[in-house]
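What follows is each chain in one-letter form.
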Amino acid sequence: CLFYYVQTSAPCCTRADITDENGASRCNTFGGQQMDQCALLGSTHPRWEAAQAVRKYLGGSGPNENNDDFYQAFKLAWYKATINGMDNLKPLMDTC
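This write-up is about the structure you can find in this document. (Residues numbered from 1 in each chain as written. Predicted model: local features only at pLDDT ≥ 70, side-chain atom pairs only at ≥ 80, totals over all residues. Heavy atoms only, no water.)

Let's shift gears to the state of the cysteines. Under the counting rule described, the total for this entry stands at one disulfide. Covalent S-S linkage joins Cys12 and Cys38, the inter-sulfur distance amounting to 1.9 Å. Judged by the sign of its S-S torsion, about 90 degrees, the cystine formed by Cys12 and Cys38 is right-handed. Placement of Cys12 in the loop between helix H1 (6–9) and helix H2 (48–57) and of Cys38 in the loop between H1 and H2 is noted, with a sequence separation of 26 residues between them. For the pair Cys12 and Cys38, a shared accessibility class is recorded, and that class is buried. (Disulfide = S-S within 2.5 Å. Helix = DSSP H or I, 4+ residues; strand = E, 2+ residues; numbered from the N terminus. Buried < 20%, exposed > 50% of the residue type's maximum accessible area, 1.4 Å probe, protein only.)

Here is the structure:
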């Protein structure tokens with residue numbers, strides 16, 4: 001939701017690149033309703049900076065294995081949290 005402008009284009013599909021078992025776009029099969037891809041946020045949108053951070057931490061504009069930016073930011077955040085006395089940190093859950 002940080003990357004897409006769903007408020008004006010909903011119902012819409014954020015992952016038009018994913019297909020179902022028949023090879024059809026998942027956007028075409030959601031509840032039997034044809035859905036267009038959600039609009040991307042524009043540079044004047046209030047969430048533009050957050051959308052750019054999402055892209056950066058994804059490693060670019062497409063699926064890839066580049067996690068460097070995320071881990072560099074996480075390492076800095078972890079250092080700041082622990083150096084400032086946060087001693088009750090807990091491991092992340094495997095599921096939400």
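Following the criterion strictly, the structure yields three aromatic pairs and no others. Here Phe70 and Phe74 contribute two aromatic rings whose centre-to-centre distance is 6.1 Å and whose plane-to-plane angle is 25 degrees, an arrangement assigned as stacked. With a gap of four residues between them, Phe70 and Phe74 both fall in helix H3 (residues 68–83), about one helical turn apart. A relative accessible area of 41% places Phe74 in the partly exposed class. (Phe/Tyr/Trp six-rings, centres within 6.5 Å; stacked < 30°, edge-to-face > 60°.)

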